[in-house]
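# Coordinates in review
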Amino acid sequence: MKYAFYTGCVAKGAGRELYSSSVAVAKRLGIELHELTNVSCCGAGVISEKDPLLSDTLNARTFAIAEELNLSIMNICGTCQGVMVKAQKSIDGDEKRKNNINEILKDGGHQYKGNVKVKHLLHILIEDYGIDKLKRLVTRPLKGLKIAPFYGCYLLRPSVYSNFSSPDRTTALEDLITALGGEPVDYEGRAKCCGFPIVMMNKNSSLAMSGISLKEAKEKNTDCLVTPCPLCHLNLDSYQPEIDKIVQTKLNLPILHLPQLIGIALGIDSKELGLNKHIVSTEKIFDKI
C-alpha cells in the first residue's frame, strides 16, 4: 500500500509529534508514504471565505500532483480532509469551474483530471488496511483503558461531503479503539466542535466549548481522548490548563493524536511517538495499561 502523504501545516509546526507518530505507525504497518513536499496549505476553510476559486485552485494543484504519482492522498488532519473533499466536490460538480482552474494550473505544468481519492488515515485503516489485519499487529493491547473519541467537525459534517455510504464512517474511532483493546466512551461531546475556529476571536467561548466536552468525558471516568484532527488537539491539550479554570475542574485528561494511540498499541517507543511533547502528561496512560 502506498499513498501520497499530505501532512498539513500543524504536523510540521505546532504538532510535530503528529508527523513523527504517523510516519512511525505507517512504517510498522507496512504502508509506504510518498510525502508531498511541493504542495500548499489546504486553506483550512479560511481562504474559501475570501476567495473560493483560489481555495479550490490550491487544492486542485495538490490533487493533480497526486494524480501524476498515480496515488491516493492520505490526510492526517480532519480539517484538511474536510476542506479537500469539499473542494473536490466543488470542482468535479462544475465542468466550467474545473476548466477555469486547469487553465490557471497550466502555467505550472499541472492538470487536475478528477481521478484522485482523498482519505484520512482513520478511513484508510478501516476501509483499505482492514481492522482484522491491524488487530493482529497489536503487541500492547489497551486493555482497561477508557478512551473517549473526539471526531471534531470535518470528518462527520456536513454529511453531504462525508462518505456515509460506508456505515463504518460514523463509528470509525470507536471501532478502532475496540480493535486496539481499549474501551470507547460514549458521550455527547464525541461529535461536537472543539471551538478552535473562534479561539483567536473569542477565546473564552472557544475554551468553554472544549471544556464542556472534556468535563463530560472526565465524569465518565475517561482515561484519555483521541482525535483525528490536530486543530482539536491544540485546543484540547494546549489550552487545557486554562480550560480547567473555566470549568472549575482539574481535568488532567491526556489528548492523543490518532497515530499515537495506534502506536502505543503497536508497541512503538513513546519518544518516537512524541508522547513527551504534550502539555497534559501522557504517563497515566502507561500506568493503566
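See above for the structure.
Here, residues in each chain are numbered from 1, in the same order as that chain's written sequence. A pLDDT threshold of at least 70 governs which residues receive local features in this predicted model, and a stricter bar of 80 or more applies before side-chain atom pairs are shown or counted, although totals over entire chains, interfaces and linings include all residues. Only hydrogens and water are set aside; all other atoms, that is, all heavy atoms of the structure, feed into the side-chain values.

## Notes on the pairing of strand β5 (residues 146-149)
Each pair of strands is called paired provided DSSP finds at least two bridges between the two strands. In this text, helices come from DSSP runs of H or I with a minimum length of four residues, and strands from runs of E with a minimum of two, each type numbered from the N-terminal end. Here two bridges tie β5 to strand β6 (residues 183-184), and the two strands are oriented parallel to one another. Considered in β6, the bridge of K146 is made with E183.

## Some words on helix α10 (residues 240-247)
Partly exposed describes any residue whose relative accessible area lies between the buried limit of under 20% and the exposed limit of over 50%, with all areas from a 1.4 Å probe on protein chains only and scaled to the type maximum. Here α10 has its buried residues at Q240, I243, D244 and V247. Down the axis of α10, the sector holding all buried residues measures 110°, keeping them to one side. Here a residue-residue contact requires only that any non-hydrogen atoms of the pair lie within 4.5 Å. The secondary structure elements touched by the buried residues of α10 are α8 (203-219), α9 (230-238) and β8 (255-257). Directly beyond the C-terminal end of α10, a positive phi value near 55° is found at Q248. This arc corresponds to the set of directions leading from the helix axis out to the C-beta atoms.

## Some details on the sheet that holds strand β3 (residues 73-75)
Ordered in space as β2-β1-β3-β4, the four strands form an open sheet in which the pairing is parallel. Edge positions in the sheet fall to β2 (32-35) and β4 (118-120), since each has one partner strand and no second. The mean inter-strand angle of the sheet, taken between neighbouring strand axes irrespective of direction, is 40°. Of the pairings in the sheet, the one linking β3 to β4 comprises three bridges and is parallel in character. Each residue of the ladder has a partner; that of I73, found in β4, is V118. Lines fitted to C-alpha atoms define the axes, with helix axes restricted to the stretch in contact, and inter-axis angles between N-to-C directions lie between 0 and 180 degrees. Across the sheet, helix α4 (residues 78-92) touches β1 (2-6), β3 and β4, and the angle it forms with β4 is around 160°. In the packing of helix α6 (residues 121-135) onto the sheet, the strands contacted are β1, β3 and β4, and the crossing angle to β4 comes to about 95°.

## Re α4
What a helix is expected to span follows from its residue count: subtract one and scale by 1.5 Å. Helix length check: α4, at 15 residues, gives a terminal C-alpha distance of 21 Å against a target of 21 Å (1.5 Å per residue), a fit within 8%. With eleven of 15 residues buried, α4 lies mostly within the body of the structure. For α4, the full list of buried residues reads G78, T79, C80, Q81, G82, V83, M84, V85, A87, Q88 and I91. The inward-facing, buried residues of α4 abut β1, α3 (52-68), β3, α5 (95-105), β4 and α9.

## Points about the environment of S270
Inspection of the secondary structure puts S270 in the loop between α11 (258-265) and α12 (283-288). Its relative accessible area of 30% is what places S270 among the partly exposed residues. Separated by 83 residues in the primary sequence, S270 and Y187 have C-alpha atoms spaced 28 Å apart. Contact partners of S270, with chain neighbours within four places excluded, come to L275 and F286.

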